[in-house]
Amino acid sequence: MGTLLSDLRYGVRMLWKNPGFAVVAILTLALGVGANTAIFSVVNAALLRPLPYKDGTRLVKMWETAKRVGEVSVSYPDFLDWRQQSYSFSQMVAVHNVGFNLSGVDKPESISGYGVSPGFLSTLGVQPILGGDFLPAEESAGTEPVVLLSYQLWQSHWGSSPDVLGRSIVLDGRSFSIVGVLPPSFRFFDKTDVLTPMDVFAKDLMDRGDRGDMDVVARLKPGVTLDRARAEMNTIAARLAKQYPLSDSGVGVSISSMREAFVGDMRPALLVLLAAVMLVLLVACANVANLFLARGAARAREIAVRLAFGASRGRIIRQMLTESFLFAALGGALGLILGAWSLRGLRELIAPDFLDTIGVRMDGGVFWFTSALVVLVTVAFGLAPALQATRPDVQESLKEGGRRSTPGARQHRLRGALVIAEMALSVVLLAGAGLMMKSLYRLLQVNPGFQPESVVQMEMVLRSAQYSKNPAILGFWEQVLDRVRALPGVEAVALGTAIPLAGTHNRNDITIEGQPLPAPGEFPHPDFHEITPDYMRVLGIPLLRGRTFTEADNETAPPVALINAALAHRFWPNDDPTGKQILFGHPGPKSKPVTIVGVVGDTRLYGLANPARFEVYTPYRQAVSNDMNLLVRSALNPAGLIPDIRSAVAAVDKDQPIFGVATMKKLVDDSISTRRATLILLGLFSALALILASIGIYGVIAYVVTERTHEIGIRVAVGAERGDVLRLILGYGARLAFWGVAIGLAAALGLMRLLSSLLFAVSASDPLTFAAVSVVLIVVALMACYVPARRALDVDPMVALRYE
């Protein structure tokens, strides 16, 4: 221990003796450690930290799948059959994503929640911190409605009062009794303000073909694997498809672990970013190792003398590793601070809802990760210089330490190898950033099918009892349209049940008259939208054929519809579909023909990277909905109209909340947020690596010039031209850059496949991107070499020949 303390004191003195060197090394390490700490905090929360449920590794989430659309929500009758027929699960519950209008407070709010089947909390292994789980008597239809509050809602609306139990909360105009409060750590897939028993409204979910916002969560029995559960559920799905061909034909089951369900499509991006920051750290370590090699060369005489006087090689290596540890520890401490600060910046790039859902924070796991990094970087940048400086040939070391004109060949090779490694790692990072940049550019060139500029949207759901009949619903929407239309600056206003890029959907089968009847499960399955006449005008969706809706397309007029170009091209490729008729659903005695009156352009409903789907539009008066998006196009800044729009809605119904407020431009931006965030972070990391690599090659060339001053002087003295000297120095730097780029390109070609799932219309081995990256690296390397090369031209032969 005494020896270790002595080494630490000596290390502090050496650090204090070279403050410039210390600052550069510590800051370099802090940047690498800080970036790793921030990204690992997200990866730890998403992929490593145990879920906030009891034995969460046995929890799974299930969806149904359809041939044409992939994963869909679960039909409640199918869930009941699953629960009855399966043997792989100890518990299985349905979770229905619902929303409520909260009234009786200062300002009406739309809050989120879930209707859950019996045993939901026990399946997750969650206990309320106040009150208890739903009782069996509370989960029956016809009983007084009850609710569990989230910890956050309890804090914000009841001030964490312990006497909240038994008090009432008004949701959708009904009084619910509060029976408990969920723990602060509780989270589900979306923001959860309240939980309520599903059986209270399960009677409205008994249509087997209705696949609304419902998922299924189950707990695997001990010893049952995920593959075994999948096999059993596939068998049950096939059985149900035969039993109910009209609703379940072609319907399968998708099962994933709860962890996978939480992370979703963020996993590839997170792993790519973690790999990127590790590469940045390696570049930083290589750079600091080069600094230590230069420092070791300056201390060569000191070390050689200590070896000559009997100090063991191990003793000196330990001393130098102790000094390395001091630098790494200080860099790690500063990196922790930078990492915590960077987490705030990540919220501007990565969806805050995702970060909140997975519970990102700097916890013990992040601290131990950073501590491990400190040990890793200590060895990474400290060991090689220590071994190099203490090589056993003392006489040769003394010669090299005393005669600067003849530098150690091994040291030059090691420093060159480190620069080549830095350049290679930088190539990998720049290639990733280049591919993401090209992918994002291609994505932004995709036509979304509408004009997002100058449009703001917001959602309203009429949930209270006063809107239980169509006349009341239509009356509300008409008053809102009239009042908003009258606001200054409003060019057009419309309503629609869905909008592009919002992720909401309402699908149903259709039957096309005059064409062969498809087999069960093969019917066209478009997205349905109920819209007001000005919907196309507000969003700028082009009319390709026929006409749009008018006020005459009301509840007493013949049913009409608009279809999009994708649907028209698929079923009427060489004909005009206007005037043709379709049926909503399957043929039956109650089916009424609907006439197509127009064809409109395709929109990208589910993201710019996803192809256009079939779409059908109907007049809002002929298919009345209490859930609508209000769309406003304005000649002014549309976001500035939001307060006036809220006032206009409040004038119609003061208890009606507005939520989901956003400009359409923001929805477009959010649809590419994962790719954009990955690009920005990869760009930052690659820029940092490029700067560090440039500094590294500059340092090596500057060191070479210093070491070869005597040689350069002799060359000039015997007649070497300035161009010869410049080529000598630049040639050495160019060789390092060439080998670094060559190795980096080979590595990048293999590693860029990890980016494939994040790319759009770009190959992971795109030759133009790799060529551009190579040119940039070589040019930057030559620029870094030029300054010390110019200094070599100024060598005075007379001074150089006396140089020691």
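Up top is the structure these notes are about.
The shown structure was predicted, so the numbers you read here are calculated from the model rather than taken from an experiment. (Residues numbered from 1 in each chain as written. Predicted model: local features only at pLDDT ≥ 70, side-chain atom pairs only at ≥ 80, totals over all residues. Heavy atoms only, no water.)

Visitor: Can you help me understand the packing of aromatic side chains in this one?
Guide: For any two aromatic rings, the description comes down to two numbers: the centre-to-centre distance and the angle of the planes. Taken as a whole and judged by the stated rule, the model has 15 aromatic pairs. Arranged with centres 6.4 Å apart and planes meeting at 20°, the rings of tyrosine 53 and phenylalanine 262 form a pair that is stacked. With tyrosine 53 in the loop between α2 (19-48) and β1 (59-66) and phenylalanine 262 in helix α8 (residues 258-263), this residue pair connects regions lying 209 residues apart in the sequence. Connected via pairs of aromatic rings, a cluster forms that spans Tyr114, Phe120 and Phe188. Cation over ring: arginine 187 sits above phenylalanine 262, and NZ or CZ is 5.8 Å from the ring centre. Positioned above the aromatic ring of tyrosine 244 is the side chain of arginine 208, whose terminal nitrogen or guanidinium carbon lies 3.7 Å from the ring centre. (Phe/Tyr/Trp six-rings, centres within 6.5 Å; stacked < 30°, edge-to-face > 60°. Helix = DSSP H or I, 4+ residues; strand = E, 2+ residues; numbered from the N terminus. Lys NZ or Arg CZ within 6 Å of the ring centre and 35° of its normal.)

Visitor: Before we go on, may I ask you to explain the packing of helix α16 (residues 470-485) against helix α19 (residues 642-652) in this structure?
Guide: Following both chains from N to C, one finds α16 and α19 inclined at 140°, their axes separated by 9 Å at the closest point. What the angle tells us is that α16 and α19 run oblique. Here the hand of the crossing between α16 and α19 comes out right-handed. For the pair α16 and α19, contact is made by Phe476, Gln479, Val480, Arg483 and Val484 and by Ile645, Ala648, Val649, Ala651 and Val652, respectively. Considering only residue class, the contact of α16 with α19 consists of 8 nonpolar, 1 polar and 1 charged. (Axes fitted to C-alpha atoms, helices over the stretch in contact; angles between N-to-C directions. Parallel < 35°, antiparallel > 145°, perpendicular 65-115°, else oblique. Left-handed = near helix turned anticlockwise from the far one by under 90°. Contact = heavy atoms within 4.5 Å. Nonpolar A, V, L, I, M, F, W, Y, C, P; charged D, E, K, R; others polar.)

Visitor: Can you help me understand α19 in this one?
Guide: Along an α-helix, residues three or four apart share an orientation, since each turn contains 3.6 residues. Of all the positions in α19, only Ile642, Ile645, Ala648, Val649 and Val652 are classed as buried. Seen along its axis, α19 keeps its buried residues to an arc of 120°; they face one direction. Considering only its buried residues, α19 is in contact with β12 (455-461), α16, β21 (627-634) and β22 (659-663). (Buried < 20%, exposed > 50% of the residue type's maximum accessible area, 1.4 Å probe, protein only. Arc of directions from axis to C-beta.)

Visitor: Just to check I follow, could you spell out the nonpolar core for this structure?
Guide: Among soluble globular proteins, nonpolar side chains are generally buried collectively. The biggest cluster of nonpolar side chains holds 79 residues, and the ones touching the most others in it are Ile39, Tyr535, Tyr617, Phe685 and Met752. Ranked by residue count, the leading element in this core is helix α9 (residues 266-298), at 12 residues. Judged by nonpolar contacts, the second largest core, of 27 residues, contains Ile473, Val480, Val632 and Ile645. (Core = buried A, V, L, I, M, F, W, Y, C linked by side-chain atoms within 4.5 Å.)

Visitor: Would you mind going over the environment of tyrosine 786 with me for this structure?
Guide: Examined against the element boundaries, tyrosine 786 turns out to sit in helix α24 (residues 767-793). Judged by its relative accessible area of 39%, tyrosine 786 falls in the partly exposed class. Measuring from C-alpha to C-alpha, the distance between tyrosine 786 and tyrosine 698 comes to 8.5 Å, with 88 residues separating the pair along the chain. With residues up to four places along the chain from it excluded, the contact list for tyrosine 786 reads Leu726 and Leu730.

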